[in-house]
Amino acid sequence: DGGITQSPKYLFRKEGQNVTLSCEQNLNHDAMYWYRQDPGQGLRLIYYSQIVNDFQKGDIAEGYSVSREKKESFPLTVTSAQKNPTAFYLCASSPGREAPETQYFGPGTRLLVL
Amino acid sequence: LAKTTQPISMDSYEGQEVNITCSHNNIATNDYITWYQQFPSQGPRFIIQGYKTKVTNEVASLFIPADRKSSTLSLPRVSLSDTAVYYCLVGDAGNTPLVFGKGTRLSVIA
């Protein structure tokens, strides 16, 4: 059953703590993305990767870090530098450099600050 | 990237046809138009995609005029389960990520 999985569904962060959100896909997609969504708002791009071992900052990369060591995995770390991390985080993937682009989304992780 | 403009919200009664229009005056020659649907606490789901004229699938229809400066998503006979946020995006091949605006919040009323 192909798709994108994100874990955990809910995540709690303490003050000064780094936390890592998992994103895995078995669609054999080249490109992967991380978005942040705040209540009543649209999606904002944090980081994206179009190929293994390469990634670019999105619109709101400060306080976040990523890695892309494997094609199927694109974990996101929310660092202590991110002062307002409470949000809904969405991971997506797409086939890559082909038109037209279609992104497939995971179920999301809700991050809450204790 | 071409910017899109769509209504913030819309209301509709069950059984009616709903048309959501998106403006994209600066659309480029290579750009496609894609619509996504998002339910609360879920990831967006692809609905439909087109380049010109009309595209229809089992969920919706997409109407694109000749100048491609706007597009209209048409949902036939909506039900309560169609209550969601609908996003219109414009973009070409995957060199630059798509940009999600705030979308249109559709509320279907019984």
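Just so we're clear, the structure is a prediction, and the values are computed from it rather than from any experiment.

Caption draft 1: Structural view of a nonpolar patch on the surface. Taken together, the side chains of Tyr10(A), Phe12(A) and Leu114(A) define a hydrophobic patch exposed on the protein surface, amounting to about 370 Å² of accessible area. Here Tyr10(A) is to be found in strand β2 (residues 10-13).

Caption draft 2: Expanded view of the state of the cysteines. Residue and element names in this part refer to chain A. For the structure shown, the criterion picks out two disulfides over all chains. The disulfide partner of Cys 23 is Cys 91, and the S-S distance across this bridge is 1.9 Å. Judged by the sign of its S-S torsion, about -75°, the cystine formed by Cys 23 and Cys 91 is left-handed. Separated by 68 residues along the polypeptide, Cys 23 in strand β3 (residues 19-25) and Cys 91 in strand β9 (residues 87-94) bring together distant segments of the chain. The buried category is assigned to Cys 91, whose relative accessible area is 0%.

Caption draft 3: Looking closely at the interface of chain B and chain A. Contact with chain B, which involves 22 residues of that partner, is made by 24 residues of chain A. The interface formed by chain B and chain A includes zero salt bridges. Counting every contact that joins chain B to chain A gives five residue pairs in polar contact (both at pLDDT 80 or more). Among the secondary structure elements, those contributing two or more residues to the side of chain B that touches chain A are β3 (32-38) and β4 (45-50) of chain B. Here the side of chain B that touches chain A takes four residues from β3(B), the largest share from any one element. Along the lines of polarity and charge, the residues of the side of chain B that touches chain A split into nine nonpolar, 10 polar and three charged.

Caption draft 4: Examining the sheet that holds β3(B) more closely. Residue and element names in this part refer to chain B. Here we have five strands laid out as an open sheet, ordered β1-β9-β8-β3-β4, and mixed in their pairing. One side of each edge strand has no neighbouring strand; the edge strands of this open sheet are β1 (9-13) and β4. Taking each pair of neighbouring strands and ignoring which way they run, the sheet shows an average axis angle of 25°.

Caption draft 5: View of the sheet that holds strand β8 (residues 76-78) of chain A. All names here are of chain A. With antiparallel pairing, four strands are arranged side by side in an open sheet as β1-β3-β8-β7. Edge positions in the sheet fall to β1 (4-7) and β7 (64-66), since each has one partner strand and no second. In this sheet, neighbouring strand axes are inclined to one another by 20° on average, regardless of whether the strands run parallel or antiparallel. Relative to β8, β7 runs antiparallel, the two being bridged by three bridges. Bridging from a neighbouring strand, Val 66 pairs with Leu 76 of β8.

Caption draft 6: Looking closely at the pattern of salt bridges. Residue and element names in this part refer to chain A. What the rule picks out here adds up to three salt bridges over all chains. Ionic pairing is found between Arg 44 and Asp 38, a salt bridge with its closest N-O pair at 2.8 Å. Take Arg 44: its relative accessible area is 38%, and that puts it in the partly exposed class. Look at the salt bridges and you will find they share partners, linking Arg 36, Asp 38 and Arg 44 into a network.

Caption draft 7: Region of the structure containing the packing of aromatic side chains. This model, assessed by the stated rule, comprises 12 aromatic pairs over all chains. The interplanar angle of 20° and the centroid separation of 6.4 Å between the aromatic rings of Tyr33(A) and Tyr48(A) together place this pair among those described as stacked. With Tyr33(A) in strand β4 (residues 31-37) and Tyr48(A) in strand β5 (residues 43-51), the pair connects residues that are 15 residues apart, well separated along the chain. Relative to Tyr51(B), the ring of Tyr32(B) lies with its centre 5.2 Å away and its plane at 55°, an arrangement referred to as tilted. Linking Tyr32(B) in strand β3 with Tyr51(B) in the loop between β4 and β5 (53-56), this pair joins segments that are 19 residues apart in sequence. Judged by relative accessible area, which is 25%, Tyr32(B) ranks as partly exposed. Connected via pairs of aromatic rings, a cluster forms that spans Tyr33(A), Tyr35(A), Tyr48(A), Phe105(A), Tyr36(B), Phe46(B), Tyr87(B) and Phe100(B).

Caption draft 8: A look at the pairing of strand β11 (residues 109-113) of chain A. All names here are of chain A. With four bridges connecting them, β2 and β11 associate as parallel partners. By the bridge assignment, Phe 12 is partnered in β11 with Leu 112. Note: β9 against β11, three bridges, orientation antiparallel. The residue of β11 that forms the bridge with Phe 88 is Arg 110.

Conventions we followed
- Numbers given to residues run from 1 along each chain, matching the order in which its sequence is written.
- For naming, the first written chain is A and the first written ligand is 1, with later ones following in the order written.
- For a predicted model such as this one, the threshold for reporting local features is a pLDDT of at least 70, and the threshold for listing and counting side-chain atom pairs is 80 or more; totals across whole chains, interfaces and linings nevertheless cover every residue.
- Where side-chain values are given, they derive from all heavy atoms of the structure, hydrogens and water being excluded.
- Every patch collects residues that have over 30% relative accessible area and no salt bridge, joining them within 9 Å if they carry like charges and within 5 Å if they are nonpolar side chains (Val, Leu, Ile, Met, Phe, Trp, Tyr).
- Where accessible areas are quoted, they stem from the Shrake-Rupley method and a 1.4 Å probe; at the residue level, only the protein chains shown are allowed to cover.
- We count a salt bridge whenever a side-chain nitrogen from Lys or Arg sits within 4 Å of a carboxyl oxygen from Asp or Glu.
- Each helix is a run of DSSP H or I of at least 4 residues and each strand a run of E of at least 2, with the numbering of both proceeding from the N terminus.
- In what follows, a disulfide is any cysteine sulfur pair within 2.5 Å.
- Under the scheme applied here, a residue whose accessible area is under 20% of the maximum for its type counts as buried, over 50% as exposed, and between as partly exposed, the area being computed with a 1.4 Å probe on protein chains only.
- Any pair of residues with heavy atoms lying within 4.5 Å of one another is described as a contacting pair.
- Any pair of N or O atoms that falls within 3.5 Å is considered a polar contact. Within protein, one atom must be able to donate a hydrogen and the other to accept it, and sequence-neighbouring residues count only if both atoms are side-chain atoms.
- By the convention adopted, Pro, Cys, Tyr, Trp, Phe, Met, Ile, Leu, Val and Ala count as nonpolar, Lys, Arg, Asp and Glu as charged, and the other residues, Gly among them, as polar.
- Criterion used throughout: strands pair if DSSP finds at least two bridges between them.
- Between the N-to-C directions of two axes lies an angle of 0 to 180 degrees, each axis being a line fitted to C-alpha atoms and, for a helix, fitted only over the stretch in contact.
- Each aromatic pair joins two rings of Phe, Tyr and Trp (for Trp, the six-membered one) with centres within 6.5 Å, and gets the label stacked for planes under 30 degrees apart, edge-to-face for over 60, and tilted for any other angle.

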